[in-house]
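Structure assessment
Here is how the chains run, residue by residue.
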Protein chains: 2
Amino acid sequence: MTHVSSRQKITIKDVARKADCGIATASRVLNRSGPTSAEARRRVEEAARELGFSFSAIGRALQSSRSMTIGCLVPSLANPVFAEAVQGVQEALSKTGYQLLIASSNYDGEADCAAISTLLDKGVEGLVLTMVAPERSAALDRARARGIPLSLMFHDPIDGLPTAHVDNFEAAREVARRFADLGHRRTAFLALRFSSSDRSRNRYTGFCDACRACGLPDPALIELSEAEANTPELLATLLGKLDGLTAIFASNDFLAIAVQKAVRLRGKKVPQDLSVVGFDGIEIGRLLDVPLATIETAPDAIGRQAAQTLLDLIQGKDCAQQPPLPFNFRAGATLAPPRPEFRDDDQGATWPPSVHSLETDLKQG
Amino acid sequence: MTHVSSRQKITIKDVARKADCGIATASRVLNRSGPTSAEARRRVEEAARELGFSFSAIGRALQSSRSMTIGCLVPSLANPVFAEAVQGVQEALSKTGYQLLIASSNYDGEADCAAISTLLDKGVEGLVLTMVAPERSAALDRARARGIPLSLMFHDPIDGLPTAHVDNFEAAREVARRFADLGHRRTAFLALRFSSSDRSRNRYTGFCDACRACGLPDPALIELSEAEANTPELLATLLGKLDGLTAIFASNDFLAIAVQKAVRLRGKKVPQDLSVVGFDGIEIGRLLDVPLATIETAPDAIGRQAAQTLLDLIQGKDCAQQPPLPFNFRAGATLAPPRPEFRDDDQGATWPPSVHSLETDLKQG
DNA sequence: CATCCGTGTGAAAACGTTTCCACACGTCTG
DNA sequence: CAGACGTGTGGAAACGTTTTCACACGGATG
C-alpha cells in the first residue's frame, strides 16, 4: 500500500518508463487531455499510483506560464480585519485551485513595494492588495505595465483599479448624523496611523462633511501614537484636555474600547459623559458590559469580493467596478444623548481645539 | 526613467543579447557568482537596468530545486490567534527571502490533508503546520517520507516532530490551582470544538489533573456548539443548569467574554457569582469593564519560533525540540473568591453533572 | 488498388534558470 | 621557448512539464 520513502522526487518520466510509453502519452492520460487508448490509460494510471506520482507545479508553471498562484499583500495579519479579509480571499480561491502567496508590509510603504516585486518575480497570476499608499507606488505601476490583474481591498476606487470596499466616507457621515440627531455638538475623530491610511482619512473627511452639513462645528482630530493607543492612562489624560467633548468617533473598534476604558479611568461614564462609536463591527463589541455602537463591515466579504473580481479579471472578463459593500450601523449602549447641560453650548473655549496644540500638550505632559 | 510597458516578460537571454555576452556571463554578473571582468559587469548591469530585468523565481526554482517558498497551514485566519502566529512566521521569514504560501483547513481534517499535498506539489521547502489531527495524517506522512522539513505550531510534541507551543497542560493546572487557592470547589471547563482540538483536550486534562491534586471534584466539561458560543442567551440558559458552579475556565478568551455576557444576562455578577478565567491573553481583555483573568500566550512568538526551527532544519542543523514557550497568568477582576455560602459545600447535587445529560437538556430547552 | 481520414503515439522543442565544461587568452615559471 | 596556471568566457545540459509535429496504423472511400 504505502511506499518506501524515495527521497528522490518522482517525475512523469519515471511514470512513462514504468508504463513503457512516451512522456507525452503519460501526460495526456494523467491530464485527460488528448486521445489515449484504454490500454495506455490503464498502464499509466497504475504506474502513477504505484509510484505515488504527483505533478510538479513548478515544472508546470514554467512551461505553461500559469503558476496557479495569486499574491496577497496586507499591512499586517495581526490586525483581525485584514486577517479576516485574507481568510475571505482564501475561501474564494480554494474552490478554484489557486493558492495564496502572502506578504505583509507592517505599514511600511517601502516594504510593500518590495513585497509586490517579490510576488511578481514568483510569477503570481494576480494580486490582491491592501497598500499603504496605493496612489503612487512604483511597484504597482510595474504590475500594471506587465498586465498582471490587480484587485484592491479596503481602498476607495483609485485610478480605475477595481477595489472591494465599504464606503468609508458615507459610513462616517452616518455616524456624524447620529451624533447630531442626539444633540451632540462637540465631537472628535480618533485615529491611529492617520496619515498612512487612506481609509482613516476618508472616514475623517466624511465625518467632517456631515458635521458641517448638520451644522456642527468641525470635529477635533486626534491622531494617536501606538503608545497612546495601548496605554489607557495616556488616552485618559489626553481626553481630559478636550473640554466639552461629548461624542467621539474612533476609527476602529479597538480604539473605541480603549476609549471606554480611559473614560472609566477618569471616573466618568460611557455614554453619560461621553458617547463612543467605533468602526469595523468586531464581534466582541456586542459582548461588552456596555455594548459598543459601531459601523459593522464584513472584512471576509471584502476579501471574497476582491478575490472574485481578480478571478474574473484573470479569465479575461473585464468587470466593472463593483458597488461598495454595504455597511450597517449597529446600535449600542455607548451612544446616547449628551447630558442636558452640554446641549447647545458653544460658550467657552473654541471648538475644535487645534490638533497641533494638543500634541504639544501631550508631549509636555 | 520608466520603461515602456513591454507586455512580454524579459528574460536573462534578453539581457545577455543586449549586453552582447553569453547567458552564463549575465547570470554570473547578476548573481555575483563566479568571476567576471569589470567591462562585462558594466555592460550587463546597464542592460539589466535598462530592460527592467528581474529573475523569474520559477525558472530558478526548477533548476535549483529551491523554491524559496515555505508552506503554512492553519485552521483559519479568522481566529486571531492563528492569524497572529502566521504574522510571526511571516516576520521571521521575511528577513531570509523566503515567501509564505498559506492554506487554511477550516477545521476540516480532509481539507488539511489536501492542502498539504498541494503545498508539497508547489515545491515548498518546508512546512509550518497547525493541523486538525496531526497524530495520524496521511499527507503528513508523505511529507516526512519526502524528507521535507516540518515544524508544528500549538501542538504538543508528537512523534519527534518539532513544535512551537505553550504547555497547555501546565497552564491549565495553574488555573485550577488558582481556583483552589481561592476556595472554589465546583468548577467547569468550557470548550468549543473540543474533540477536534488537541490543544483544548490538553487544557482539559491538565485542569482535571490539578483539580484532583488539589482535592477538588472533577470539573464539569461543557462542549459548546458554534451556535451556543455565539448566542449569549443560549449560554445563559446553559449556565443556569449548573447548580452551585462558582468558577469556570474557558478554553479561549472569546468564550470567556461570552460567559461574562451570559452571566450579566442572568442578572448575576462576575466575579461575585461566578469567577471566569480565559486563555490566550488577547489585548482587549485588559480593556474590559471587569478585566479578564487569563493565561497570556504570545502567538506571534509561537509563529516566530516555528519559523526559526524550520529554517534551521532546512539548513541541515538538526535542532532539538525547543522547550515550551512561557505562559503567564494574568490576574484580572473576573477571578475572586466565591461567596462565603458556597465555600466547602459538597451538599446537594453530585458534582460534576454528567455532560451527556447537560447536552440533552440543552437540546430540549 | 491508391487515397484519404481519424486515432493513437513518441520525439523534441520550449519555458528561464544555473552550472559544468571546454576553451581562449594572458602571465608567470622552469 | 615550452609548459603550467589563472582568469574570463560561452555553449550546452539539466530541471519537469506541455504541446506541436510527424508518423504509423487501420478502415473507409474513390
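The rules behind the values
Residues numbered from 1 in each chain as written. Chains lettered and ligands numbered in written order. Predicted model: local features only at pLDDT ≥ 70, side-chain atom pairs only at ≥ 80, totals over all residues. Heavy atoms only, no water. Salt bridge = Lys/Arg side-chain N within 4 Å of Asp/Glu carboxyl O. Helix = DSSP H or I, 4+ residues; strand = E, 2+ residues; numbered from the N terminus. Contact = heavy atoms within 4.5 Å. Buried area = accessible area lost by both parts, 1.4 Å probe. Polar contact = N/O pair within 3.5 Å; in protein donor to acceptor, adjacent residues only side chain to side chain. Least-squares fit on C-alpha atoms with pLDDT ≥ 70 in both. Near = heavy atom within 4 Å. Buried < 20%, exposed > 50% of the residue type's maximum accessible area, 1.4 Å probe, protein only. Pairing = 2+ DSSP bridges. Phe/Tyr/Trp six-rings, centres within 6.5 Å; stacked < 30°, edge-to-face > 60°. Lys NZ or Arg CZ within 6 Å of the ring centre and 35° of its normal. Arc of directions from axis to C-beta. Domains from an automatic or database assignment. Axes fitted to C-alpha atoms, helices over the stretch in contact; angles between N-to-C directions. Parallel < 35°, antiparallel > 145°, perpendicular 65-115°, else oblique. Left-handed = near helix turned anticlockwise from the far one by under 90°. Nonpolar A, V, L, I, M, F, W, Y, C, P; charged D, E, K, R; others polar. UniProt positions renumbered as here; feature names shortened; annotations may be inferred. Core = buried A, V, L, I, M, F, W, Y, C linked by side-chain atoms within 4.5 Å.

Description of the pattern of salt bridges
Residue and element names in this part refer to chain A. A full pass over the atoms with the stated rule returns 48 salt bridges over all chains. The residue Arg-177 makes a salt bridge to Glu-170 at a minimum N-O spacing of 3.6 Å. With its nearest N and O atoms 3.5 Å apart, the salt bridge here joins Asp-300 to Arg-304. Taken as a pair, Asp-300 and Arg-304 lie in helix H14 (residues 299-314) at a separation of four residues, close to a single helical turn. Bridged by salt links that share partners, the residues Glu-39, Arg-42, Arg-43 and Glu-46 form one connected network.

Notes on the interface of chain A and chain B
Taken together, the contact pairs 54 residues of chain A with 54 residues of chain B. When chain A packs against chain B, close to 4600 Å² is buried across both sides, 59% of that on carbon and sulfur atoms. Applying the counting criterion to the chain A and chain B interface returns two salt bridges. Residue Asp289(A) pairs with Arg264(B) through a salt bridge whose shortest N-O separation is 3.3 Å. One can count 25 residue pairs in polar contact (both at pLDDT 80 or more) joining chain A with chain B.

Concerning the relation of the copies chain A and chain B
Mapping chain A onto chain B is achieved by rotating through 180° and translating by 0.1 Å along the same axis, at an RMSD of 0.1 Å. The operation mapping one copy onto its partner corresponds to a two-fold rotation axis. Considering only C-alpha atoms, the residue of chain A closest to the rotation axis is Leu101(A), which sits at 2.2 Å. Mapped onto chain B, 100% of the interface residues of chain A again fall at the interface, so both copies present the same surface.

Here's the deal with the protein's contact with DNA strand D
Around DNA strand D lies a shell of 25 residues, among which Ser27(A), Gln63(A), Gly22(B), Thr25(B) and Ser37(B) are the nearest. Contact between DNA strand D and Asn31(A): a phosphate oxygen at 3.1 Å from a side-chain N or O atom of the residue. For DNA strand D, a phosphate oxygen lies 2.9 Å from a polar atom in the side chain of Arg60(A). At the level of secondary structure, the elements contributing two or more residues to the surface near DNA strand D comprise helix H2 (23-31) and helix H4 (57-64) of chain A together with helix H2 (23-31) and helix H4 (57-64) of chain B.

Here's the deal with the environment of Leu335(A)
Residues and elements named next belong to chain A. By the secondary structure assignment, Leu-335 is in the loop between strand E11 (328-330) and helix H15 (355-364). By relative accessible area, Leu-335 is classed as buried at 15%. Remark: the alpha-carbon pair of Leu-335 and His-155, spanning 180 residues in sequence, is separated by 28 Å. Ignoring any residue separated from it by four or fewer positions in sequence, one finds Leu-335 in contact with Arg-178, Phe-179, Leu-182, His-184, Pro-271, Ser-275, Val-276, Val-277, Ala-293 and Phe-329.

Quick notes on the sheet that holds strand E4 (residues 150-153) of chain A
Two modes of strand pairing occur in sheets, parallel and antiparallel, and in both the strands are linked by backbone hydrogen bonds. Ordered in space as E5(A)-E4(A)-E3(A)-E1(A)-E2(A)-E2(B)-E1(B)-E3(B)-E4(B)-E5(B), the 10 strands form an open sheet in which the pairing is mixed. Whereas interior strands pair on both sides, the edge strands pair on one side only; in this sheet they are strand E5 (163-164) of chain A together with strand E5 (163-164) of chain B.

Things to note about the packing of aromatic side chains
Both the distance between ring centres and the angle between the ring planes are used here to describe each pair of aromatic rings. Considering all chains together, one arrives at 16 aromatic pairs over all chains under this definition. Residues Phe249(A) and Phe279(A) carry aromatic rings whose centres are separated by 6.3 Å and whose planes lie at 40° to one another, so their mutual orientation is tilted. Residue Phe249(A) is located in strand E8 (residues 247-250), and its partner Phe279(A) is located in strand E9 (residues 275-280); the two are separated by 30 residues in the primary sequence. For the ring pair Phe189(B) and Phe207(B), a centre distance of 6.2 Å and an interplane angle of 40° mean the geometry is tilted. Taken together, the positions of Phe189(B) in strand E6 (residues 187-192) and Phe207(B) in helix H9 (residues 198-213) put the pair 18 residues apart, joining distant regions of the chain. With respect to class, Phe189(B) is no different from Phe207(B); both count as buried. Here the aromatic residues Phe179(A), Phe189(A), Tyr204(A), Phe207(A), Phe249(A) and Phe279(A) are joined through ring pairs into a cluster of three or more. If you follow Arg203(A) out to its NZ or CZ, it ends over the ring of Phe279(A), 3.7 Å from the centre.

As for the side chain of Thr130(B)
Residues and elements named next belong to chain B. Structurally, Thr-130 can be placed in the loop between strand E3 (127-129) and helix H7 (138-146). Of the residues examined, Thr-130 reaches a relative accessible area of 0% and is grouped as buried. Only 3.1 Å separates the side chain of Thr-130 from the backbone oxygen of Met-153, close enough to count as a polar contact. Leaving out residues up to four positions away in the same chain, Thr-130 has contacts with Leu-73, Val-74, Pro-75, Phe-82, Met-153, Phe-154, His-155 and Arg-199.

A word on H4(B)
Each α-helix turn comprises 3.6 residues. Residues three or four places apart therefore point the same way. Buried within H4(B) are the following residues: Ala57(B), Ile58(B) and Ala61(B). End-on, the buried residues of H4(B) take up no more than an arc of 100°, which puts them together on one face. Against H4 and helix H6 (109-121) of chain A lie the buried residues of H4(B). Looking at the residues trailing H4(B), positive phi occurs at Ser65(B), about 50°.

Observations regarding the protein's contact with DNA strand C
Surveying the vicinity of DNA strand C reveals 25 residues, the closest of which are Thr25(A), Ser37(A), Ile12(B), Ser27(B) and Gln63(B). Close to the protein, within 4 Å, the atoms of DNA strand C belong to sugar or phosphate groups at a rate of 64%. Gly22(A) places a main-chain nitrogen or oxygen 2.9 Å from a phosphate oxygen of DNA strand C. Here a base nitrogen of DNA strand C sits 2.9 Å away from a polar atom, N or O, in the side chain of Arg28(A). At the level of secondary structure, the elements contributing two or more residues to the surface near DNA strand C comprise H2 and H4 of chain A together with H2 and H4 of chain B. No other element matches H2(B), which puts five residues into the surface near DNA strand C.

A look at the domain arrangement of chain A
For chain A, the assigned domains are domain 1 (12-55), domain 2 (64-166 + 300-314) and domain 3 (168-296 + 335-364). Taking only C-alpha atoms into account, the centre of domain 1 of chain A sits 66 Å from that of domain 3 of chain A.

Some words on the packing of helix H5 (residues 80-94) of chain B against helix H14 (residues 299-314) of chain B
Residue and element names in this part refer to chain B. Relative orientation of the contacting elements H5 and H14 amounts to 40°, with a least axis distance of 6 Å. Here H14 runs oblique to H5, going by the angle between their axes. The chirality of how H5 crosses H14 is right-handed. Contacts between H5 and H14 involve Val-81, Glu-84, Ala-85, Gly-88, Val-89, Glu-91, Ala-92 and Leu-93 from the former and Pro-299, Asp-300, Gly-303, Arg-304, Ala-307 and Leu-311 from the latter. Among the residues forming the contact of H5 with H14, the class breakdown is eight nonpolar, two polar and four charged.

Here we look at the UniProt feature "domain: HTH lacI-type" (unreviewed entry) in chain A
UniProt records the feature "domain: HTH lacI-type" (unreviewed entry) for residues 10-64 of chain A in the present numbering. The distance separating the terminal C-alpha atoms of residues 10-64 of chain A is 20 Å; by composition the span is 71% helix and 0% strand.

Overview of the sheet that holds E11(A)
Residue and element names in this part refer to chain A. Pairing is mixed in the open sheet, where six strands are placed in the order E7-E6-E8-E9-E10-E11. Unpaired on one side and paired on the other, strand E7 (220-224) and E11 mark the two borders of the sheet. Within this sheet the neighbouring strands show an average axis-to-axis angle of 20°, counted without direction. Note: E8 against E9, three bridges, orientation parallel. In the sheet register, Ala-247 faces E9, and the bridge partner there is Ser-275.

Here's the deal with the nonpolar core
In a soluble, globular protein the nonpolar side chains are often hidden away together inside. Counting residues in each nonpolar core, the largest one holds 99 residues, and the members touching the most others are Met153(A) and Met153(B). Setting aside residues up to four positions removed in sequence, Met153(A) forms contacts with Cys72(A), Val74(A), Ala85(A), Val89(A), Val128(A), Leu129(A), Thr130(A), Thr163(A), Ala164(A), Ile302(A), Gly303(A) and Ala306(A). Judged by nonpolar contacts, the second largest core, of 60 residues, contains Leu274(A), Leu288(A), Val270(B) and Trp351(B).

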